[in-house]
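Observations on the model geometry
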Amino acid sequence: MRIGELAGLVGVSTRAVRHYHHLGLLPEPERRPNGYREYGLRDAVALARLRRLTELGLGLEEVRDVLADDSGRELHEVLAELDADLARQEEEIRARRGRLAALRQQAEEHGGLPAEGPVSDELAAVFQEMARMSAALPGPEPAMAAKEREVLALLEATGDGAGERVAGLLGDFTAAPGAMARAYEVYGLLDELAEAAPDDPRVERAARALADCIPDSVVAEVGGEDWARAAAGGRETGGGFLAAYYAHFPPAQAEAMRRAIQLVAERAR
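Residues numbered from 1 in each chain as written. Predicted model: local features only at pLDDT ≥ 70, side-chain atom pairs only at ≥ 80, totals over all residues. Heavy atoms only, no water.

**Describing the overall build of the chain**
Looking only at helices and strands, the chain features 14 helices and 0 strands. The helix and strand sequence of the chain, counted from the amino end, reads α-α-α-α-α-α-α-α-α-α-α-α-α-α. Expressed as a percentage of its 269 residues, the buried residues of the chain come to 35%. Summarising the internal contacts of the chain: among those between residues at least 6 apart in sequence, 56% fall at separations of at least 24. A total accessible area of about 16,000 Å² is found for the chain, and carbon and sulfur atoms account for 52% of it. (Helix = DSSP H or I, 4+ residues; strand = E, 2+ residues; numbered from the N terminus. Buried < 20%, exposed > 50% of the residue type's maximum accessible area, 1.4 Å probe, protein only. Contact = heavy atoms within 4.5 Å. Areas by Shrake-Rupley, 256 points an atom, 1.4 Å probe, with all protein chains shown as cover.)

Structure follows, in structure tokens:
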């Protein structure tokens, strides 16, 4: 048989046959005087086995182990490893499908997913309250509101549980009468500082308004030392996340938030 006939018989491409030759998985037959390879039944049997092994999900290196005379690993061992790997993948897929189902349910309940999503149900509820507040405003939503959602989504994605705890606390905060309206007033004050200098008198006003908006439950959850460390972030800590956080905002806004955290740290003592 020629290579095309062999490939057609087993149901693979001629390119695959040449690749198996190149990797040493399928011995090359002797060539006829005209230069063409001449394949026999034994070659077809070997190629068919190669195909069956790869269809099971074995990688070519695993196939090499199965075919090697001195590999020390029998086929049932390789298949047991493959089965365990497939079981892990199956569990991962099941978990992902569960997460997707929750997100689809979240979209149905809230009329879509937030632009910063996917996020937890708790954070999605906070974002939904912000969307309602924004829709009731006479003008566009303050830019600081959108930035806060970005930061909250980032915190939740860090995987240390901080984002989920904060989202739960914020959920309690947004449920308090007038809390969201006060928060949006603060967003407006911070927006006014976008082009201001750090020593602008409005910085202190915005900082105090922001500090007053932070519930006692959030203050207690974080703790005084952590609030003090956050206020010094980027100065005493030598950089890192906090330095990047403050650098994300114009100077006056960053100073207002730093000052607000200082005020909260004093509350937490």
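Next comes the rest of the description.
**So, a negative patch on the surface**
Together, Glu 108, Glu 109, Asp 121 and Glu 122 make up a region of like negative charge exposed at the surface. Counting residues per element, the ones that place at least two in the negative patch are helix 5 (75–110) and helix 6 (121–136). Along the polypeptide, Glu 109 turns up in helix 5. Judged by its relative accessible area of 56%, Glu 109 is exposed. (Patch = residues over 30% accessible without salt bridge, like charges linked within 9 Å, V, L, I, M, F, W, Y side chains within 5 Å. Salt bridge = Lys/Arg side-chain N within 4 Å of Asp/Glu carboxyl O. Lys, Arg positive; Asp, Glu negative; His and termini not counted. Charge placed at Lys NZ, Arg CZ, Asp CG, Glu CD.)

**Let's talk about helix 3 (residues 41–55)**
Over its 15 residues, helix 3 runs 21 Å from end to end, which matches the ideal 21 Å to within 8%, given 1.5 Å per residue. Within helix 3 the residues assigned to the buried category are Asp 43, Ala 44, Leu 47, Leu 50 and Leu 53. Once helix 3 ends, the next one or two residues include Gly 57, with phi positive near 105°. (Expected span 1.5 Å × (residues − 1).)

**Focus: the environment of Arg 149**
Counting through the fold element by element, Arg 149 comes out in helix 7 (residues 143–157). With relative accessibility at 10%, the residue Arg 149 sits in the buried group.

**Regarding the nonpolar core**
Ranked by size, the top nonpolar core spans 46 residues in total, and within it Phe 127, Met 130, Tyr 187, Leu 190, Leu 193, Trp 227 and Met 257 carry the most contacts. If you list the elements that add at least two residues to this core, you get helix 6, helix 7, helix 9 (179–191), helix 10 (202–213), helix 11 (216–222), helix 12 (224–232), helix 13 (241–247) and helix 14 (251–268). In terms of residues, this core owes the most to one element, helix 14, which gives 9 residues. If we skip the residues at most four places from it in the chain, Tyr 187 touches Met 130, Pro 142, Met 144, Ala 145 and Glu 148. (Core = buried A, V, L, I, M, F, W, Y, C linked by side-chain atoms within 4.5 Å.)

**Details of the environment of Asp 191**
Topologically, Asp 191 is positioned in helix 9. Counting along the chain gives 47 residues from Asp 191 to Met 144, while the straight-line C-alpha distance between them is 6.3 Å. If sequence neighbours within four positions are ignored, Asp 191 has contacts with Pro 142, Ala 143, Met 144 and Gln 253. A distance of 2.8 Å separates a polar side-chain atom of Asp 191 from the backbone nitrogen of Ala 143. (Polar contact = N/O pair within 3.5 Å; in protein donor to acceptor, adjacent residues only side chain to side chain.)

**What to know about the packing of aromatic side chains**
Following the criterion strictly, the structure yields 3 aromatic pairs and no others. Between Tyr 184 and Tyr 187 the ring centres are 5.0 Å apart and the planes differ by 85°, which places this aromatic pair in the edge-to-face class. With Tyr 184 and Tyr 187 both in helix 9 and 3 residues apart, the pair spans about one turn of that helix. Accessibility expressed as a relative area gives 7% for Tyr 187, which makes it buried. Ring geometry for Tyr 245 against Tyr 246: centres 5.4 Å apart, planes inclined by 65°, an arrangement best described as edge-to-face. Three or more aromatic residues joined by ring pairs form one cluster here, namely Tyr 245, Tyr 246 and Phe 249. Sitting over the ring of Tyr 36, Arg 2 keeps its end group 3.8 Å from the ring centre. The lysine or arginine in question, Arg 258, covers the ring of Tyr 246, its NZ or CZ lying 4.0 Å from the ring centre. (Phe/Tyr/Trp six-rings, centres within 6.5 Å; stacked < 30°, edge-to-face > 60°. Lys NZ or Arg CZ within 6 Å of the ring centre and 35° of its normal.)

**Quick look at the packing of helix 6 against helix 7**
Running from N to C, helix 6 and helix 7 point in directions that differ by 175°, and their axes come no closer than 11 Å. When the axis of helix 6 is compared with that of helix 7, the two are roughly antiparallel. Along its contact with helix 6, which presents Leu 123, Phe 127 and Met 130, the element helix 7 presents Ala 145, Glu 148, Arg 149, Leu 152, Ala 153 and Glu 156. A breakdown of the residues in the contact of helix 6 with helix 7 according to their chemical character gives 6 nonpolar, no polar and 3 charged. (Axes fitted to C-alpha atoms, helices over the stretch in contact; angles between N-to-C directions. Parallel < 35°, antiparallel > 145°, perpendicular 65-115°, else oblique. Nonpolar A, V, L, I, M, F, W, Y, C, P; charged D, E, K, R; others polar.)

**Overview of the packing of helix 1 (residues 3–10) against helix 2 (residues 14–23)**
Between helix 1 and helix 2, the least distance of the axes is 8 Å, while the angle of their chain directions is 105°. As the angle between them shows, helix 1 and helix 2 are arranged roughly perpendicular. Across the interface between the two elements, Ile 3, Gly 4, Leu 6 and Ala 7 of helix 1 pack against Thr 14, Val 17 and Arg 18 of helix 2. Residues belonging to the contact of helix 1 with helix 2 are distributed by class as follows: 4 nonpolar, 2 polar and 1 charged.

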